[in-house]
Amino acid sequence: MLKVAVLVSGGGTNLQAILDAVDAGRIRNAEVVSVISNNPKAYALERAKKHGVPAVCITRKECGSKEAFDKALLQALKDSGADLVVLAGCLVVIPEIIIQEYRGRIINIHPSLIPSFCGTGYYGLKVHEAALERGVKVTGATVHFVDEGTDTGPILLQKAVEVKEGDTPEILQRRVMEEAEWELLPKAIDMLANQETR
Ligand code: GRF
């Protein structure tokens, strides 16, 4: 049984997709053992609690320094017994000590087709604003392994999503979440939990 810790910062719709997929059997041989947020206001924490998943909030402010925050985050992951770390709407830059401890066992969902619209400064709505600004006809989402870079690790899954006439960043974000993110992240976890390739 693969133990999964999910790191969140916001609304938690990707977390919800994972929890629903486990319940529906679309993610096999895995369980979400912990949800960790850096944001006390993250609705993702409510989603975890409603689902009976242990949830903790670790903030940079409470820890007093970046080093203390990084160590607290690593310790929370170790305490959870997680085999796999999933970044689901997580806005924390994952510290080096965690990358080293969990190398090859951290995945992230990014709301574009990497290598487009990714890297420093490209997160949340900003990704979709950039895609609309460039005028791309197709965008999508990517699940990739996390390394020391920003959105630079090996790509695991991608799915394309059509950009439509009149799309606003909000409309496009929602379509990418519905048609790509919420499908890809559970699929990636199921693949890793069952040692399957594509
Ligand atoms: C979404 O835009 C997602 O693409 C990105 O973080 C945002 C919030 O996701 N990874 P969630 O609703 O908190 O899962």
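Before reading further, recall that the structure is shown in the block above.
Since this is a predicted model, take the numbers as computed values, not measurements.

Parameters at a glance
Residues numbered from 1 in each chain as written. Predicted model: local features only at pLDDT ≥ 70, side-chain atom pairs only at ≥ 80, totals over all residues. Heavy atoms only, no water. Near = heavy atom within 4 Å. Polar contact = N/O pair within 3.5 Å; in protein donor to acceptor, adjacent residues only side chain to side chain. Areas by Shrake-Rupley, 256 points an atom, 1.4 Å probe, with all protein chains shown as cover. 1 Å grid on protein atoms, 1.4 Å probe; cavity = no way out; pocket = protein on both sides within 12 Å on 5 of 7 lines; lining within 4 Å. Sits in = over half its atoms within 2 Å of the grid points. Points joined across faces, edges and corners; volume = space filled by probe spheres on them. Nonpolar A, V, L, I, M, F, W, Y, C, P; charged D, E, K, R; others polar. Helix = DSSP H or I, 4+ residues; strand = E, 2+ residues; numbered from the N terminus. Buried < 20%, exposed > 50% of the residue type's maximum accessible area, 1.4 Å probe, protein only. Contact = heavy atoms within 4.5 Å. Pairing = 2+ DSSP bridges. Right-handed = clockwise from strand over helix to strand, strands pointing away. Axes fitted to C-alpha atoms, helices over the stretch in contact; angles between N-to-C directions. Disulfide = S-S within 2.5 Å. Core = buried A, V, L, I, M, F, W, Y, C linked by side-chain atoms within 4.5 Å.

Visitor: Just checking my understanding: could you explain the site of the ligand for this structure?
Guide: In the region of the ligand, the neighbouring residues are Gly-10, Gly-11, Gly-12, Thr-13, Asn-14, Gly-89, Ile-109, Pro-111, Gln-173, Met-177 and Glu-181. Within the backbone of Gly-11, an N or O atom sits 3.4 Å from an oxygen atom of the ligand. Across the complex, the protein chains shield 88% of the 360 Å² of accessible surface that the ligand would expose by itself. Taken atom by atom, the bulk of the ligand overlaps the largest pocket.

Visitor: Mind showing me how you'd approach the layout of surface pockets here?
Guide: Remark: the empty space left among the atoms is shown by a probe the size of a water molecule rolled over them. In this structure, the largest pocket encloses a volume near 790 Å³. Forming the boundary of the largest pocket are 37 residues, of which Cys-90, Leu-91, Asn-108, Tyr-122 and Tyr-123 lie nearest the centre. Residues belonging to the lining of the largest pocket are distributed by class as follows: 14 nonpolar, 19 polar and four charged.

Visitor: Is there a simple way to think about the environment of Val-127 in this case?
Guide: Secondary-structure assignment places Val-127 in helix α6 (residues 125–134). What makes Val-127 buried here is its relative accessible area of 1%. Separated by 17 residues in the primary sequence, Val-127 and His-110 place their C-alpha atoms 9.0 Å from one another. Val-127 has contacts with His-110, Pro-111, Ser-112, Phe-117 and Tyr-122, leaving out every residue within four places of it along the chain.

Visitor: How should I be thinking about the pairing of strand β2 (residues 30–37) in this particular structure?
Guide: Most of β2 is tucked away, with seven of its eight residues classed as buried. The pairing of strand β1 (residues 2–8) with β2 spans seven bridges and is classified as parallel. Bridge assignment links Ala-5 to a residue of β2, and that residue is Ser-34. Pairing between β2 and strand β3 (residues 55–57): three bridges, direction parallel. Pairing of Val-35 across the sheet is with Ala-55, part of β3. On the question of chirality, the crossover connecting β2 to the parallel β3 by way of helix α2 (residues 43–50) is right-handed.

Visitor: What exactly am I supposed to notice about the environment of Ile-109 here?
Guide: Within the element layout of this structure, Ile-109 appears in strand β5 (residues 106–110). Sequence spacing of Ile-109 and Val-143 is 34 residues, and the spatial spacing of their C-alpha atoms is 4.6 Å. Every residue in contact with Ile-109, bar those within four places of it in the chain, is listed here: Asn-14, Leu-87, Ala-88, Gly-89, Ala-141, Thr-142, Val-143, Glu-181, Leu-184 and Leu-185.

Visitor: Sorry if this is basic, but what is going on with the sheet that holds strand β6 (residues 138–145) here?
Guide: Either a parallel or an antiparallel arrangement is found when strands of a sheet pair, and the pairing is made through backbone hydrogen bonds. An order of β3-β2-β1-β4-β5-β6-β7 is seen for the seven strands of this open sheet, with the pairing classed as mixed. Edge positions in the open sheet fall to β3 and β7 (155–162), since each of these has one partner strand only. Neighbour to neighbour, the strand axes of the sheet diverge by 20° on average, direction disregarded. With four bridges joining them, β1 and strand β4 (residues 84–87) adopt parallel strand pairing. Along β4, the bridge assignment pairs Leu-7 with Leu-87.

Visitor: Explanation requested: the state of the cysteines in the structure shown.
Guide: A covalent bond bridging the sulfur atoms of two cysteines is what the word disulfide describes. Applying the stated criterion across every chain yields a total of zero disulfides. Cysteine Cys-57 shares no disulfide, and the gap to the nearest cysteine sulfur, in Cys-63, comes to 9.4 Å.

Visitor: Honestly, the nonpolar core in this entry has me stumped. Any pointers?
Guide: The nonpolar side chains of a soluble globular protein tend to be buried, and buried together. Of all hydrophobic cores here, the largest spans 37 residues; its most connected members are Val-6, Val-86, Ile-107, Val-143 and Ile-189. Per-element accounting of this core gives the leading share, nine residues, to helix α7 (residues 169–193). If we ignore the near neighbours within four places in the chain, the residues touching Val-86 are Val-4, Ala-5, Val-6, Leu-7, Ile-18, Ile-107, Leu-185 and Ile-189. The next biggest cluster of nonpolar side chains, apart from the first, holds 20 residues, and it includes Val-85, Cys-90, Val-92 and Val-146.

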